[in-house]
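What follows is the residue order along each chain.
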Amino acid sequence: MKKINKEKLPALWERLADEAALYLPVEEDGVVNFAPWKEGAAVNLDVINTMVPPKHLVFPQSENYLRFHVEGSKLEIEPLDVDGPYVVFGARPCDVAGIAIIDKLFLDEPCDTLYKERRDNGTIISLGCNEPEETCFCTSFDLEPGFSPDADISTWDLGEYLLWEPRNEKGQALTAKLDDLLEAADSGAAQAVEKLRQDAASREAAVVREHGWEVQGVKEALEDKFDSEIWDEIYRRCLGCGVCTYLCPTCHCFDVQDYSKGQEGLRFRCWDSCMFGDFTLMAHGENPRPTQKERVRQRFMHKLLYYPSNFEVYACVGCGRCVRKCPVSIDITQVIKAAGGVE
Amino acid sequence: MTVLNPLLPQVAKIVKIKAETPTIKTYRVVMPDGSKPFEHIPGQCAMISVPPVGEALFSITSSPTQEEYMEFSIVKTGSVTNFLHEVEEGFEIGIRGPYGNGFPLESFKGKDILFIGGGIGLAPLRSLINYCLDKREEFGKIDIVYGARTPDDMIQKDEIFKIWPEAPDTEVHLTVDTEWEGWEGRVGFVPQCVEEICFSPENRIAVTCGPPIMIKFVLQGLDRLGFTPEQIVTTLELRMKCGVGKCGRCNIGDKYVCKDGPVFTYAQLLNMPPEY
Amino acid sequence: MKQLNEVIKEVAAQSLSRGEVDLVIGWKKGDLWWQSYPAFVEGDEGVADLIWDPFCVPNLSRYLLEELDDKSKVAIFVKGCDALGFNQLLQDKRVEREKVYLYGIPCDGLVDPRKLEAAGHKWLSEVRRDGDELVLVSKEGEQRVKARDFMYDKCLTCRYPNPVTYDQMLGEAVEAQPQERFAGVEELEKISDDERFEYWARQFSRCIRCFACRNVCPACSCRECIFDIPEPRWLGKAKELSEDQFYHIIRAYHVAGRCVDCGECTRVCPVDLPLQELNRKFIKDINELYGEYDAGVDPETEAPLVTYNTNDPAAFTES
Amino acid sequence: MSVSAEEQAFEPLIIVFGCNWCSYAGGDLAGTSRMSYPPNVRVIRVPCSSRVSPNFVLRAFQRGADGVLVAGCHPGDCHYVTGNYYARRRLSALRRFLEFIGIEPERFEVHWISGSEGAKFAKVMGEVTEKIRALGPNRKMRDVR
Amino acid sequence: MKRIGVFVCKCGTNIAGTVDIEAVVKAAEKMPGVAHAAEYTYMCSEIGQVMIQDAIEQEKLDRVVVAACSPRLHEPTFRKAAEAAGLNPYLVQIANIREHCSWVHKNEEEATKKAIAMTRTAVAKAGRSQELMPSEISVEHRALVIGAGIAGIQAALDIADAGYQVDLVEKSSTIGGRMAQLDKTFPTLDCSACILTPKMVDAASHPNINLITYSEVENVDGYVGNFEVTIRKKARYVDVEKCTGCGICYEKCPSKVDNEFDEGLAKRKAIYVPFPQAVPNKPVIDRPNCRWFEKEKCGVCKKICPTEAVDFEQEDEIVEQKYGAIVVATGFDVLGLEEFGEFSYGKHPDVITSLEFERLINASGPSGGKLVRPSNQEVPKNVVFIQCVGSRDKSRGKEYCSKICCMYTAKHAILIKEKYPDTQAYVFYIDVRTGGKEFEEFHRRAVENYDATYLRGIVGKVFPEGDKLLVHGVDSLSGRTVEIEADMVVLATAMTARKDAGAVSRMLGVSCDSHEFMTEAHAKLRPVETHSAGIFLAGACLGPKDIPETVAQASGAAVKAIGILSKETLLSDPCVSEVDEATCTGCLNCINLCPYKAISEKTLEEKVHGKVVRRLVAEVNEVLCQGCGACTVACRPGAMNLRGFTNDQILAEVDAVCL
Ligand SMILES: Cc1cc2nc3c(=O)[nH]c(=O)nc-3n(C[C@H](O)[C@H](O)[C@H](O)COP(=O)(O)OP(=O)(O)OC[C@H]3O[C@@H](n4cnc5c(N)ncnc54)[C@H](O)[C@@H]3O)c2cc1C
Ligand SMILES: Cc1cc2nc3c(=O)[nH]c(=O)nc-3n(C[C@H](O)[C@H](O)[C@H](O)COP(=O)(O)OP(=O)(O)OC[C@H]3O[C@@H](n4cnc5c(N)ncnc54)[C@H](O)[C@@H]3O)c2cc1C
Ligand code: SF4
Ligand code: SF4
Ligand code: SF4
Ligand code: SF4
Ligand code: SF4
Ligand code: SF4
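Residues numbered from 1 in each chain as written. Chains lettered and ligands numbered in written order. Predicted model: local features only at pLDDT ≥ 70, side-chain atom pairs only at ≥ 80, totals over all residues. Heavy atoms only, no water.

Moving on, we come to the overall build of chain B. Helix and strand counts for chain B stand at seven helices and 15 strands. At 18 Å, chain B has a C-alpha radius of gyration in line with the 19 Å of a compact globule built from 276 residues. Overall size of chain B, expressed as C-alpha extent along the three principal axes, is 50 × 45 × 35 Å. Taking all 276 residues of chain B together, the buried fraction comes to 61%. Counting only contacts in chain B whose residues sit at least 6 apart along the sequence, the fraction spanning at least 24 positions is 69%. Looking at chain B as shown, the accessible area adds up to about 10800 Å², and 52% of this sits on carbon and sulfur atoms. For chain B, the distance from the average position of its 27 positive side-chain charges to the average position of its 37 negative side-chain charges is 5 Å. (Helix = DSSP H or I, 4+ residues; strand = E, 2+ residues; numbered from the N terminus. Rg over C-alpha atoms; globule rule 2.2 N^0.38 Å. Buried < 20%, exposed > 50% of the residue type's maximum accessible area, 1.4 Å probe, protein only. Contact = heavy atoms within 4.5 Å. Areas by Shrake-Rupley, 256 points an atom, 1.4 Å probe, with all protein chains shown as cover. Lys, Arg positive; Asp, Glu negative; His and termini not counted. Charge placed at Lys NZ, Arg CZ, Asp CG, Glu CD.)

Right, let's talk about the sheet that holds strand E4 (residues 62-71) of chain A for a bit. Residue and element names in this part refer to chain A. Taking strand neighbours across the sheet as the criterion, the four strands line up as E5-E4-E12-E11 in an open arrangement whose pairing is antiparallel. Edge positions in the sheet fall to strand E5 (74-79) and strand E11 (254-261), since each of these pairs with one other strand and no more. Adjacent strand axes in the sheet meet at a mean angle of 25 degrees, parallel and antiparallel pairs treated alike. In the sheet, E4 pairs with strand E12 (residues 264-271) via seven bridges, with the strands oriented antiparallel. By the bridge assignment for E12, His-69 is matched with Glu-264. (Pairing = 2+ DSSP bridges. Axes fitted to C-alpha atoms, helices over the stretch in contact; angles between N-to-C directions.)

It is worth spelling out the environment of Phe108(B) at this point. All names here are of chain B. Within the secondary structure layout, Phe-108 lies in helix H2 (residues 105-108). For Phe-108, a relative accessible area of 1% corresponds to the buried category. It is 9.6 Å that separates the C-alpha atoms of Phe-108 and Asn-203, two residues lying 95 residues apart in sequence. Setting aside anything within four residues of it in sequence, one finds Phe-108 in contact with Phe-103, Ile-113, Leu-128, Phe-139, Ile-205, Val-207 and Val-233.

This part covers the site of ligand 5. Around ligand 5 sit Arg214(C), Cys220(C), Cys222(C), Cys225(C), Ile226(C), Phe227(C), His254(C), Arg636(E) and Pro637(E), and those are all the residues in its vicinity. Split into classes, the residues belonging to the shell around ligand 5 amount to six nonpolar, one polar and two charged. (Near = heavy atom within 4 Å. Nonpolar A, V, L, I, M, F, W, Y, C, P; charged D, E, K, R; others polar.)

On to helix H15 (residues 547-565) of chain E. Residues and elements named next belong to chain E. Relative to the 27 Å expected for 19 residues at 1.5 Å per residue, H15 spans 26 Å between its end C-alpha atoms, a close match to the ideal helical length. Turning to H15, its buried residues are Thr-550, Gln-553, Ala-554, Ala-557, Ala-558, Ala-561, Ile-562, Ile-564 and Leu-565. Packing partners of the buried residues in H15 comprise strand E6 (142-146), helix H6 (150-161), strand E18 (325-328), strand E29 (535-537) and strand E30 (569-571). Of the residues flanking the start of H15, the one acting as N-cap is Asp-546, its side-chain oxygen 3.1 Å from the backbone nitrogen of Glu-549. (Expected span 1.5 Å × (residues − 1). Polar contact = N/O pair within 3.5 Å; in protein donor to acceptor, adjacent residues only side chain to side chain.)

Turning to helix H12 (residues 405-419) of chain E, a few remarks are in order. Here H12(E) spans 21 Å end to end across 15 residues, near enough to the 21 Å set by a 1.5 Å rise per residue. In terms of burial, H12(E) is largely enclosed, as 13 of its 15 residues are buried.

Moving on, we get to the pairing of strand E26 (residues 480-486) of chain E. Residues and elements named next belong to chain E. As defined by bridge partners, strand E25 (residues 468-475) adjoins E26 across seven bridges and the pair is classed as antiparallel. If you follow Asp-475 over to E26, its bridge partner there is Arg-480. Counting the residues in the hairpin turn of E25 and E26 gives four residues, including Gly-479, whose phi is positive at 80 degrees.

On the side of chain A, seven residues touch chain E, which itself brings five residues to the contact. In total, about 470 Å² of surface goes out of reach between chain E and chain A, with carbon and sulfur atoms giving 65% of it. When the buried surface of chain E facing chain A is broken down by residue, Lys30(E), His609(E) and Leu659(E) rank first, second and third, together holding 71% of it. Linking chain E to chain A there are zero salt bridges. Scanning the region where chain E abuts chain A turns up one residue pair in polar contact (both at pLDDT 80 or more). When the residues that make up the side of chain E that touches chain A are grouped by side-chain class, the tally is three nonpolar, one polar and one charged. (Buried area = accessible area lost by both parts, 1.4 Å probe. Salt bridge = Lys/Arg side-chain N within 4 Å of Asp/Glu carboxyl O.)

With that settled, consider the site of ligand 4. In the region of ligand 4, the neighbouring residues are Cys217(C), Pro218(C), Arg251(C), Val255(C), Cys259(C), Val260(C), Asp261(C), Cys262(C), Gly263(C), Glu264(C), Cys265(C) and Asn279(C). Of the residues contributing to the shell around ligand 4, the split by class is seven nonpolar, two polar and three charged.

Chain E puts 47 residues into the contact, and the matching count from chain D is 46 residues. Carbon and sulfur atoms supply 60% of the area buried between chain E and chain D, which totals about 4000 Å² over both sides. Our count for the contact surface shared by chain E and chain D stands at four salt bridges. Across the pair Glu75(E) and Arg45(D) runs a salt bridge whose closest N-O atoms are separated by 2.9 Å. Across the contact surface, chain E and chain D share 18 residue pairs in polar contact (both at pLDDT 80 or more). Contributions of two or more residues to the side of chain E that touches chain D are made by helix H3 (71-84), helix H4 (98-102), helix H5 (108-127), helix H16 (589-593), helix H17 (630-634), strand E34 (640-642) and helix H18 (647-657) of chain E. Among the elements that line the side of chain E that touches chain D, the one with the most residues is H18(E), at seven residues. The residue makeup of the side of chain E that touches chain D, split by class, is 20 nonpolar, 17 polar and 10 charged.

Quick look at the packing of aromatic side chains now. Following the criterion strictly, the structure yields 50 aromatic pairs over all chains and no others. Ring geometry for Phe106(A) and Tyr115(A): centres 4.4 Å apart, planes at 20 degrees, overall stacked. A single burial state applies to Phe106(A) and to Tyr115(A), both of which are buried. Taken together, the aromatic side chains of Phe59(A), Phe106(A), Tyr115(A), Tyr246(A), Phe254(A), Trp271(A), Phe276(A), Phe211(C), Phe227(C) and Tyr247(C) make up a single cluster linked through ring pairs. Taking the ring centre of Trp271(A) as reference, the NZ or CZ of Lys55(A) above it sits at 4.6 Å. (Phe/Tyr/Trp six-rings, centres within 6.5 Å; stacked < 30°, edge-to-face > 60°. Lys NZ or Arg CZ within 6 Å of the ring centre and 35° of its normal.)

Here the focus is the pattern of salt bridges. Applying the stated criterion to the full structure yields 145 salt bridges over all chains. Between Glu131(A) and Arg203(A) there is a salt bridge; the shortest N-O distance is 3.6 Å. On the criterion of sequence distance, the pair formed by Glu131(A) in the loop between strand E7 (122-127) and strand E8 (153-158) and Arg203(A) in helix H6 (residues 188-211) is long-range, its members being 72 residues apart. Salt-bridge contacts for Arg18(C) lead to Glu20(C); the nearest nitrogen and oxygen are separated by 3.4 Å. A relative accessible area of 54% means that Arg18(C) is categorised as exposed.

Residues and elements named next belong to chain E. Between H6 and H15, whose axes approach to 8 Å, the crossing angle comes to 40 degrees. When the axes of H6 and H15 are compared, the crossing they make is right-handed. Facing H6, whose interface residues are Ile-150, Ala-151, Gln-154, Ala-155, Asp-158 and Ile-159, H15 presents Ile-547, Thr-550, Val-551, Ala-554, Ser-555, Ala-558, Ala-561, Ile-562 and Leu-565. In terms of residue class, the contact of H6 with H15 is built from 11 nonpolar, three polar and one charged. (Left-handed = near helix turned anticlockwise from the far one by under 90°.)

This part covers the domain arrangement of chain B. The accessible area lost on association of the parts is a frequent measure of interface size. All names here are of chain B. In terms of domain boundaries, chain B breaks down into domain 1 (10-98) and domain 2 (105-235). Taking the mean C-alpha position of each, domain 1 and domain 2 sit 24 Å from one another. Contact between domain 1 and domain 2 buries roughly 1400 Å² in total, counting both sides, with carbon and sulfur atoms accounting for 57%. The interface formed by domain 1 and domain 2 contains one salt bridge. (Domains from an automatic or database assignment.)

Residues and elements named next belong to chain B. In terms of burial, strand E8 (residues 142-148) is a largely internal element, seven of the seven residues being buried. Both faces of E8 are covered, namely the face carrying Ile-142, Ile-144, Tyr-146 and Ala-148 and the face carrying Asp-143, Val-145 and Gly-147. For the crossover from strand E7 (residues 112-118) across helix H3 (residues 122-134) to E8, the handedness is right-handed. Of the strand pairs in this sheet, E8 and strand E9 (residues 170-176) are connected by seven bridges, and their pairing is parallel. (Right-handed = clockwise from strand over helix to strand, strands pointing away.)

Bringing the environment of Cys155(C) into the picture now. Relative to the helices and strands, Cys155(C) resides in helix H6 (residues 153-156). Dropping the residues within four chain positions of it, Cys155(C) is found in contact with Gly109(C) and Leu110(C).

Before going further, it helps to examine the state of the cysteines. Evaluated as defined, the whole model comprises two disulfides over all chains. Across the disulfide from Cys22(D) sits Cys73(D); the S-S distance is 2.3 Å. Negative torsions about the S-S bond denote left-handed disulfides, and the value of about 100 degrees found for Cys22(D) with Cys73(D) makes this one right-handed. On the criterion of sequence distance, the pair formed by Cys22(D) in the loop between strand E1 (14-19) and helix H2 (23-32) and Cys73(D) in the loop between strand E3 (67-72) and helix H4 (83-101) is long-range, its members being 51 residues apart. Here Cys138(A) stays unpaired: no disulfide links it, and the sulfur of Cys136(A), its closest cysteine neighbor, is 6.2 Å away. Relative accessible area serves as the criterion here: at 6%, Cys138(A) is assigned to the buried category. (Disulfide = S-S within 2.5 Å.)

Before going further, it helps to spend a moment on the sheet that holds strand E12 (residues 226-233) of chain E. All names here are of chain E. Pairing is antiparallel across the open sheet formed by three strands, whose spatial order is E11-E12-E17. Of all strands in the sheet, those bounded by a partner on one side alone are strand E11 (215-223) and strand E17 (317-323). Shown here is a sheet whose adjacent strand axes are inclined to one another by a mean of 20 degrees, direction ignored. Sheet topology note: the E11/E12 ladder contains eight bridges and is antiparallel. Bridged to Glu-216 within E12 is Arg-232.

Structure (structure tokens):
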């Protein structure tokens with residue numbers, strides 16, 4: 001385990017930015033989001049949930065993947081390169097878990113090589129949470145607020161210092177390059193981390209308990225809820241916007257579109273949302289999910305039943321963004337409760 | 001060798017276009033070197049690209065036993081298909097696939113097969129029919145029930161009128177929705193026709209594809225005739241973008257039509273939420 | 001406030017039990033202190049859940065678009081801004097006035113949880129309005145703060161706190177205390193083109209194109225929005241600045257002369273885009289060029305961009 | 001201030017939406033009168049200035065126009081009686097808004113040019129081209145893909 | 001893929017001189033959808049057209065782009081050519097590489113580049129063109145003529161003679177218009193009444209003409225072939241059926257007011273006929289000035305009328321009628337002189353306008369044809385005429401020339417001299433305009449034979465001195481200031497549009513210029529048509545003109561109207577708006593802004609998720625719509641689209657032009 005004095009962080013970032021594109025939580029116009037680091041950027045490591053999760057770094061909102069050229073009846077197709085190496089610094093455990101969750105889908109056979117390549121190019125440095133937000137419930141999905149098993153490097157904020165622990169080869173390789181900036185942590189570090197993790201977990205557990213958000217068997221509970229009247233109540237206020245899906249670290253639906261300029265063009269994939277009315281609209285006008293009810297149901301069923309059926313993991317990390325941001329307070333914890341998926 | 005991006009199409013070429021009906025054309029597609037784009041199992045699909053308009057998924061209607069080329073029958077319905085209906089022979093397209101599970105051929109072996117198709121629904125069936133006819137000895141009796149609104153709306157007229165009826169131990173039952181001048185065959189909807197002929201479920205698999213409403217009634221009819229859900233196989237159509245189970249659009253419960261389908265037995269469908 | 005909280009339950013229960021309406025849309029409380037959300041009450045069961053508190057911000061009239069279809073009459077509660085929005089829907093012929101019963105609520109301003117949080121007021125269990133103050137209730141006890149410090153920006157500039165249209169008014173009219181609403185626009189007008197460009201480029205880049213701002217807007221009630229139409233595809237789906245600009249300019253343009261300044265778009269934006277400044281730029285310019293116009297006040301007056309005067313001024317040199 | 005080679009070679013692209021009855025006709029008259037103006041302008045014929053949607057204007061900027069001009073009949077002279085009155089309101093509002101977004105207002109102009117004003121057509125085209133040339137390429141709204 | 005044919009015209013050297021035609025053809029060949037590209041010297045020639053037609057057939061072209069001159073010139077030509085080859089004419093697009101390119105750019109490289117871009121744009125638009133079919137409209141075989149001055153009378157007579165019913169609507173109580181006010185007419189000096197009265201009588205007695213006097217058109221709906229018009233017949237308070245025109249009523253009426261017909265120089269009664277030859281010769285009651293209506297007293301006329309024709313209870317009557325065509329002939333007014341204080345008009349009775357002069361010198365006028373000074377009833381010795389009062393005067397009056405003032409002033413000078421050889425006429429003029437048959441000769445006669453003194457210059461001031469008027473002017477030829485002691489000053493005031501012309505044109509959907517004169521569809525080629533199909537213009541409502549021109553136009557307009565009335569059905573231009581009902585929200589924003597009232601609402605009933613719902617949508621009347629596209633922009637979701645200029649097409653053009 002290593003450590004770095006927080007005063008030295010700017011030097012560290014500068015170095016990382018030399019190595020690869022560095023993204024970290026930056027405050028701009030009062031909003032903290034993952035953004036490329038540049039000299040003088042207002043890095044904010046205190047914020048727990050960035051407004052938008054760092055999902056877009058591994059799965060960009062839109063991503064060109066081929067270039068085409070059409071001339072008369074001739075077609076040329078040329079795949080495009082994926083951006084080079086990058087580092088994500090300061091990702092919170094829930095957000096890292098979100099990436100690990102969508103990994104399951106994209107890396108599953110047939111492997112989405114576009115995703116894989118971009119994913120492989122990135123090194124994720126997580127930052128454990130000390131305190132929960134009011135809307136945090138990651139422990140409900142068996143995540144640990146203080147620790148991120150899927151990160152390449154884990155860090156913890158111990159006030160003066162940041163503790164630093166590479167978790168795999170990728171992490172080690174990067175750590176090696178930063179040797180001069182990192183110092184060896186003392187023997188107490190492991191204990192400090194342990195304590196931090198426990199404290200964080202118990203604080204959040206307390207919050208979750210208080211809110212009645214301790215998820216238990218929601219998958220099983222939802223198995224017979226396709227026709228349940230719980231959906232009748234929930235969907236009615238839904239505005240059909242994409243706030244919840246676009247802010248969710250695990251939502252991953254996309255659309256494929258072409259952009260053209262004359263005979264040249266690009267094909268890209270871009271985020272799409274199951275909450276949009278035209279998401280499943282077919283060419284001949286039929287729609288298997290004709291009203292918002294089916295769409296809302298799909299969103300929750302997908303996260304809490306279908307995804308775990310296919311990948312043995314819930315597609316929710318309890319980050320609470322949708323809870324916080326839904327304009328009409330459609331709240332996944334309420335849905336879980338309504339479905340009977342709480343202790 | 002690096003694994004190719006599954007979303008990346010290969011350039012292929014339309015070498016022949018046959019107008020089937022005013023809104024359906026059949027396209028013969030090969031790679032630029034003249035070879036067949038890829039191998040497939042009947043029932044599988046391919047994603048066809050026409051930049052800058054887009055991509056759409058189509059059943060491969062030619063049989064895998066056809067070594068030279070691949071064929072698609074395409075209805076004009078939206079932007080991609082409208083565009084395809086305007087191109088001429090020699091036009092290059094993008095193609096990727098094959099997608100989907102295909103028909104469970106192993107379980108069909110040695111059985112009588114009843115094909116029930118309506119309109120463009122013949123497209124995926126045709127792949128299997130020709131496959132069965134090419135491997136005639138592996139299957140029992142073959143019955144093909146095919147219907148369309150009018151005789152003019154029938155596709156693959158060569159095969160349904162001439163080739164298939166002549167194949168050994170094969171019967172073709174054609175029907176049109178309403179009386180039509182010059183039509184001397186059956187009149188009535190496909191489900192009706194199936195029940196009238198009264199196929200026995202004995203050692204028989206029923207494979208059906210057509211418009212949703214037809215499928216609904218065919219299933220009821222087959223049920224009345226005593227077919228078990230396991231004996232009935234159908235294909236589904238949902239909007240899809242990637243074809244590889246990632247874009248999140250074509251799921252029915254935890255099944256993806258692109259990966260786990262489009263071929264499903266009725267028994268499977270009964271276990272899935274009715275969202276198609 | 002307490003009183004009103006009871007009154008709404010009473011009137012809802014009454015009109016439902018008398019069969020005057022088939023549905024009452026009101027607000028109800030979620031698990032968290034700031035969650036007050038639209039509730040649909042069709043029988044006695046739901047009535048007790050109806051509330052009125054400082055977080056009852058969602059405009060309920062939007063739901064009429066769906067809910068009116070198969071009902072003969074629906075009652076909703078409208079605050080000042082909601083009533084303006086309702087009138088806009090009326091003007092756009094999206095709802096039938098006779099099928100709606102409006103309970104007017106004079107509104108003295110709603111509380112923006114983001115402002116409370118920013119000031120460190122978290123982990124609350126309840127927030128009550130008491131005169132000019134808010135009572136923040138938490139485990140540690142109660143704390144009183146000045147209400148105006150935590151009100152939505154839109155409420156600070158609100159000029160119509162009392163509904164301009166209603167069938168029955170619940171409660172006493174309140175006095176409007178609007179701050180200058182164009183201050184933000186004027187600030188931006190002062191800086192250079194390049195600076196303004198940078199400013200808006202930063203804002204627009206943050207947009208995730210979730211369309212919440214459109215979906216919530218009472219002036220955006222199109223059956224199929226131009227941004228969703230596949231042919232011709234006006235707005236590409238790629239996350240590109242030029243597409244973001246297209247979206248924001250055209251959205252604002254479409255509500256120009258129709259935006260009732262309810263501020264809902266700004267409230268729902270998950271990434272805090274100052275959308276109201278865009279809308280208000282149009283309001284301000286239209287007022288300056290073509291005369292004061294307050295959308296939503298009177299659904300009968302023609303919106304400024306669908307009418308003209310022969311001697312209108314222009315924002316370009318006419319020669 | 002040094003001017004890069006690219007800026008120096010810069011030839012602006014100006015899209016003109018010209019109403020069929022006045023401005024397009026004015027352009028024709030400029031043609032028949034052989035009044036030369038810079039070749040940077042490309043006219044798209046529309047029936048009336050009231051047909052010009054802000055969407056078209058933005059699309060032109062996205063696709064590479066350095067300046068956009070809407071040209072219509074003088075107020076009162078609209079072939080369709082009132083079209084340009086609506087256009088005046090719509091485009092005035094749009095023009096101010098574009099400026100608010102940070103687009104130099106000179107990049108979006110509206111001019112009234114009648115069918116008999118061939119000289120004015122040529123003059124306006126010349127002036128607009130020079131103004132935009134001085135401003136340099138429009139990078140603010142261009143789709144850079 | 002479309003099969004677009006591109007045809008590039010050299011236009012002799014008109015295009016080929018600056019544009020590298022071969023380069024354009026080469027570039028066109030590569031454009032998306034282009035199946036064939038060719039060039040020719042004169043594409044619009046017979047050979048060129050055949051070339052296009054052959055290519056359409058041989059190359060199976062489904063779209064045609066002609067890169068040539070302005071579409072305003074030859075679009076119809078090429079459309080027709082394509083149609084003859086079996087292609088829908090609306091699948092033809094023109095790239096204007098002559099007027100908008102080769103003629104205005106000198107540098108060949110630049111011009112060629114631009115020509116290619118323009119061709120590419122037209123190709124892009126053509127690729128999105130749709131076949132368009134005109135629709136058929138039935139025709140009501142009846143015409144409406146609004147305004148019964150000489151223009152309206154002539155048009156009505158011509159249409160009636162062709163065998164069609166005509167309703168001639170006149171605002172005042174008699175037909176005749178301004179011409180009835182005139183004395184003699186230049187350049188032949190026929191007596192105006194002598195030539196007009198027979199026409200008035202003809203009109204009144206023509207079996208196909210229905211005079212609707214003292215009436216106004218209140219609303220016009222509908223479209224060519226089928227106008228639906230509402231006419232308000234104002235109450236005359238005299239039953240014209242009973243009235244014999246004996247005139248006893250206006251003899252006895254005690255209430256006197258200024259007679260408008262005499263330009264206020266004489267009085268009439270509250271019940272009156274404007275002038276003795278009025279047609280119909282039936283009185284009306286001027287309600288605001290009638291004592292009965294004012295105080296419920298008097299009623300002399302009613303008491304005295306031998307046929308009991310006076311009816312105070314009469315009310316306005318509303319008539320609704322359908323017409324196939326409309327001729328507008330509402331004429332002109334003269335400028336008010338409030339801005340021209342220096343001439344002392346209104347301050348001194350002997351300063352009069354030319355129109356007043358016409359009345360003064362007219363035998364049936366207030367002074368019985370004796371030219372007298374209104375101040376003292378004496379014959380004037382010196383008469384000063386001032387030309388261009390308010391004409392050619394951008395700052396205070398009208399910037400245009402009123403065209404006829406030079407002529408009628410010469411006429412006035414002659415008339416004076418003929419009657420009063422001792423009276424001297426002075427004419428202050430800027431320049432004398434005599435463009436017309438026999439005009440210059442007429443003017444010369446006034447100067448040479450009738451001794452009129454023409455002074456080139458402007459009058460600075462006219463002020464009364466004693467019983468004279470001092471006229472201060474400058475003779476710009478000699479540079480001297482002149483001062484004339486005049487007995488009478490006559491101001492040739494500008495002709496202007498009728499005060500209600502703007503309102504009338506808006507009602508009709510006819511455009512008017514900034515002076516509110518109505519505008520013709522094309523100043524040269526369609527001088528009596530308007531952009532509203534089926535509505536034609538004649539006479540001074542278009543701008544200042546004399547009687548011969550007025551009459552010629554009236555006959556022209558009549559022929560155009562007859563052209564419509566003689567058809568059983570008409571074809572409408574298909575380049576009109578259409579609503580996509582699926583996207584239309586029913587906000588009806590589009591309805592009010594349509595200048596032709598072409599949009600209406602309709603209710604759809606449809607099934608949505610099993611429920612039947614009713615919703616509003618907009619509907620365009622294809623015949624009324626003139627294709628401006630104003631509605632398309634007001635429609636936010638883009639449900640309203642303009643055929644021939646669709647959103648899709650314009651976007652494609654924008655994309656292509658920017659490449
Ligand atoms: C498994 C399967 C097999 C199919 N086989 C055939 C076939 O053999 N012949 C045939 O004519 N059609 C077939 N279809 C339907 C065909 O995919 C649609 O008609 C086609 O996508 C319409 O595309 P469009 O661009 O013309 O329409 P648009 O509505 O313009 O399409 C827009 C986009 O929506 C998507 N989309 C719209 N409707 C569908 C749909 N029904 N299914 C999938 N994607 C859709 C397309 O990807 C397209 O990019 C099949 C569909 C599926 C799912
Ligand atoms: C002083 C003077 C001298 C002239 N001398 C000569 C001359 O010597 N020779 C010559 O050739 N020309 C002369 N002219 C010109 C001549 O008067 C005009 O050319 C002629 O009168 C034009 O006829 P018109 O029918 O177009 O208009 P008008 O004569 O103005 O007739 C228009 C008619 O329409 C009616 N009307 C108007 N509005 C409406 C409405 N809304 N509804 C129904 N009815 C309406 C009016 O009441 C009027 O009866 C002279 C003009 C002036 C002013
Ligand atoms: S569903 Fe909501 S709480 Fe769960 S991960 Fe997504 S945004 Fe976070
Ligand atoms: S644009 Fe925003 S402020 Fe205006 S009416 Fe819509 S939601 Fe309200
Ligand atoms: S953005 Fe425009 S088209 Fe879309 S809903 Fe709003 S007003 Fe309608
Ligand atoms: S709500 Fe915000 S993020 Fe969503 S589309 Fe509107 S501006 Fe963009
Ligand atoms: S403006 Fe558009 S949406 Fe509104 S009624 Fe007209 S066509 Fe329909
Ligand atoms: S295009 Fe629209 S506004 Fe113009 S005339 Fe036609 S319907 Fe009326």
